[in-house]
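Secondary and tertiary structure notes
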Amino acid sequence: MKVHDMQYSYVRPVVISLCIIAAAAAGCAIVGLPDAPAQPFARYRLTLEDSDLNVIRVCGSIYGANEKETRLVVTHCDGSEGIDPIGLRAFDTGGRKLPVSSDGCGWVVKNSRRDFTFEYSVVVTIEDGYSPEIRNKLTLLGGDRSRVMGRDVFIVPGIPVSSGVLVDVDLYPAWDMHAAFRSVGRRVIVPRACDLSRMMAVMGSYRIHRSPVCGIDLLLAIGGSWAFTDEELFETIRLIVSSETAMFGSSPHDRYLFICDRNPVKGGGGFDYYGVHVANSMVLLLDPGMDRSELYDTPMALIAHEFFHNWNGEAIRPRSDDLLWFVEGATVYFSYHVLVELSIISREQYEWRRERIASRYLENPCRGRVPIRSAGNSDLGDRDMVHLLYDGGFLAAEALDRKLFEVSHGEAGLLDVLRWLYEHESGEQGVDMETIVRSILEVSGHDLSGFLEMLVGDPAPAVLAGGEQSS
Ligand SMILES: [Zn+2]
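Residues numbered from 1 in each chain as written. Predicted model: local features only at pLDDT ≥ 70, side-chain atom pairs only at ≥ 80, totals over all residues. Heavy atoms only, no water.

**Describing the overall build of the protein**
A count of helical and extended segments in the protein gives nine helices and 24 strands. Within the protein, residue pairs in contact and separated by at least 24 positions form 70% of the contacts whose partners lie at least 6 positions apart. Summed over its atoms, the accessible surface of the protein is roughly 19000 Å², and 51% of this surface lies on carbon and sulfur atoms. (Helix = DSSP H or I, 4+ residues; strand = E, 2+ residues; numbered from the N terminus. Contact = heavy atoms within 4.5 Å. Areas by Shrake-Rupley, 256 points an atom, 1.4 Å probe, with all protein chains shown as cover.)

The following block contains the structure:
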């Protein structure tokens, strides 16, 4: 079975203008308060327009509008496909239609400093068949359960709005709803407007399991019947979450929603596994026919891998694609270590996997020609380049870990580097090669820039596959 990693979406550069962080506390921005900062307040309502055609109706409202014009933009300008809002219209509070024009990368509402609402429809169908679209579309409207991913439905104000955007998910009024962000009833409180794209909500027949783990409010929403019990899955998720949180000392989010569901897309070779991590939600789309023993193989590797990206990839954000080897390689490396430590896989299984990675790396036609750090610069549609990125990244992370251990006489390793980066370099500014070199210097007292250049800057070297010899 192939493991498809869906990390690509958020490691691509994010358009900063969309991520306007509201500085005011939520309670200060209600319009009309004498000392309130002049920041508009947004809310949304989602309803089901046509269940057969998978059409969602989105209605947004802007209160406290203080500009003549308000831009509305798609929520992710990261190279992935944007949404197509059908029949976008805007109205003032008296119900009068307002002019809306498109300017190529968004829409402009001429609201003349008045509050207004805007509404549109969006089709959320996933292609029936093996389609890369599933990488981006996580919304699913089903017969007895549904889930909604923000980036599939929202266009958002391109102006600063107050924190605490309210979203009423009224798709199925009779169904219970749970969300990755905090919610009350069917209302989700999205922290900031830039988080709208990352809002995940589930409803209907999902079975909900909930437990505190290391200060994290952990939720599992599981749908359908499986060869394993909900408790078996939840317990293993708890172990992985607590183990990885302990590695870093704290977690970027204080609440996580894991979703386990059947993969609706069947390719030529049968069902594939998918693990998709978007902010504080984690979607596991598994083969409905998998047997119980498989639970402790690929799905657990997916969970360990995707959860590790909370730190390496999200909190420690690569500034450009030439650091994808670090994001993916170190994540593969440490997620396997977590699985060994938790006895989810044996050391022999780990060695076997490492050997497979090393031999695939040696056979890769791009090896010796393309540096590992350049393997992430393509569109990731080239299978050999993807393998070079993941396999080469894993082997480079392993070699770097060994080198650090050696030069520091066992005092420091790659995990110390990651921890240092998490503590000192988390945030929107991101990290680059120079930051990595500096963090290595900080934790080990050694400048390994030359060694790093050999690992990932020169055409991918054969010596990496050798393991021990590489250090
Ligand atoms: Zn990954």
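**Some details on the confidence of the model for the protein**
This prediction gives the protein a mean pLDDT of 85; 84% of its residues lie at or above 70. Low confidence marks residues 1-35, where pLDDT is under 50. Its contacts with residues over four positions away, or in another chain, come to 88 contacts. (pLDDT = per-residue confidence, 0-100.)

**Section: helix α2 (residues 230-248)**
Over its 19 residues, α2 runs 27 Å from end to end, which matches the ideal 27 Å to within 8%, given 1.5 Å per residue. Following α2 by one or two positions, G249 has its phi on the positive side, about 90°. (Expected span 1.5 Å × (residues − 1).)

**A look at the pairing of strand β5 (residues 86-92)**
In this sheet, strand β9 (residues 116-123) lies alongside β5 in antiparallel orientation, the contact comprising five bridges. Note that in β9 the partner of A90 across the bridge is F118. Inspection of the sheet shows β5 paired to strand β6 (residues 97-98) by two bridges, in the antiparallel sense. Across the sheet, residue F91 finds its bridge partner in β6, namely K97. The turn joining β5 and β6, which pair antiparallel and follow one another in sequence, is formed by four residues; a positive phi near 85° is taken by G95. (Pairing = 2+ DSSP bridges.)

**A word on the pattern of salt bridges**
Summed over all chains, the structure comprises 31 salt bridges. A salt bridge links R57 to E49; its shortest N-O distance comes to 3.7 Å. Between D103 and R71 there is a salt bridge whose closest N-O contact spans 3.0 Å. Of this pair, D103 sits in the loop between β7 (100-102) and β8 (107-110) while R71 sits in strand β4 (residues 69-74); the two residues are 32 residues apart in sequence, bridging distant segments of the chain. For D103, a relative accessible area of 38% gives the class partly exposed. Connected through salt bridges with shared partners, the residues E49, R57, R89 and E119 form a single ionic network. (Salt bridge = Lys/Arg side-chain N within 4 Å of Asp/Glu carboxyl O. Buried < 20%, exposed > 50% of the residue type's maximum accessible area, 1.4 Å probe, protein only.)

**Topic: the side chain of E232**
Mapped onto the elements, E232 comes out in helix α2. Here the side chain of E232 touches T229 through a polar contact of 2.9 Å, landing on its backbone nitrogen. With residues near it in sequence (within four places) discarded, E232 still touches R292, L295 and Y296. (Polar contact = N/O pair within 3.5 Å; in protein donor to acceptor, adjacent residues only side chain to side chain.)

**With respect to the nonpolar core**
Counting 85 residues, the largest nonpolar core has L233, F258 and W325 as its most contacted members. Element by element, the count of residues in this core is highest for helix α6 (residues 383-407), at twelve residues. Sequence-distant contacts of L233, that is, excluding residues within four places in its chain, are made with L220, I222, F228, C260, L295, M300 and I303. Formed by 44 residues, the second largest nonpolar core is a distinct cluster that contains W107, F116, V124 and V148. (Core = buried A, V, L, I, M, F, W, Y, C linked by side-chain atoms within 4.5 Å.)

**Focus: the sheet that holds β9**
Pairing between sheet strands relies on hydrogen bonds along the backbone, with the strands arranged either parallel or antiparallel. As summarised here, the arrangement of the eight strands in space is β6-β5-β9-β3-β2-β13-β16-β15, forming an open sheet in which the pairing is mixed. The open sheet has two edge strands, β6 and β15 (183-184), and neither has a second partner.

**Description of the packing of helix α3 (residues 298-308) against helix α4 (residues 324-341)**
As a packed pair, α3 and α4 sit with axes 8 Å apart at the nearest point and diverge in direction by 130°. Between α3 and α4, the interaxial angle falls into the category oblique. Two packed elements cross with a definite hand, and for α3 against α4 that hand is right-handed. Side by side, α3 and α4 meet where M300, A301, A304, H305 and F308 of the first sit next to E328, A330, T331, V332, F334, S335 and L339 of the second. In the contact of α3 with α4, the residues fall into eight nonpolar, three polar and one charged. (Axes fitted to C-alpha atoms, helices over the stretch in contact; angles between N-to-C directions. Parallel < 35°, antiparallel > 145°, perpendicular 65-115°, else oblique. Left-handed = near helix turned anticlockwise from the far one by under 90°. Nonpolar A, V, L, I, M, F, W, Y, C, P; charged D, E, K, R; others polar.)

**Some thoughts on the packing of aromatic side chains**
Scanning the entire structure with this criterion turns up 19 aromatic pairs. Measuring from ring centre to ring centre gives 5.5 Å for W325 and F326, while their planes differ by 80°; the resulting arrangement is edge-to-face. Residue class for W325 comes out buried when judged on its relative accessible area of 1%. Connected via pairs of aromatic rings, a cluster forms that spans F248, Y256, F258, F307, F308, W311, Y333, F334, Y336, Y350, F394 and Y422. The cationic tip of R145 hangs over the ring face of Y206; the distance from NZ or CZ to the ring centre is 5.7 Å. Over the ring of F451 we find K403; its NZ or CZ atom is 5.0 Å from the centre of that ring. (Phe/Tyr/Trp six-rings, centres within 6.5 Å; stacked < 30°, edge-to-face > 60°. Lys NZ or Arg CZ within 6 Å of the ring centre and 35° of its normal.)

**Here's the deal with the sheet that holds β4**
Pairing in this open sheet of four strands is antiparallel, and the strands run β7-β8-β4-β12 from one edge to the other. For this open sheet the edge positions go to β7 and β12 (155-157), each flanked by a neighbour on one side alone. Strand-to-strand twist across the sheet, computed as the mean angle between neighbouring axes with direction ignored, equals 30°. Where β7 and β8 come together, three bridges link them in antiparallel fashion.

**Brief notes about the packing of α2 against α4**
Two numbers describe a pair of packed helices, the interaxial angle and the distance between the axes. The geometry of α2 relative to α4 is characterised by a closest axis approach of 10 Å and an angle of 120° between their N-to-C directions. Taken together, the axis directions place α2 and α4 in an arrangement best described as oblique. Crossing geometry of α2 relative to α4 is assigned as right-handed. For the pair α2 and α4, contact is made by I240, S243, E244 and M247 and by F334, S335, V338 and L339, respectively. Here the contact of α2 with α4 is composed, by residue class, of five nonpolar, two polar and one charged.

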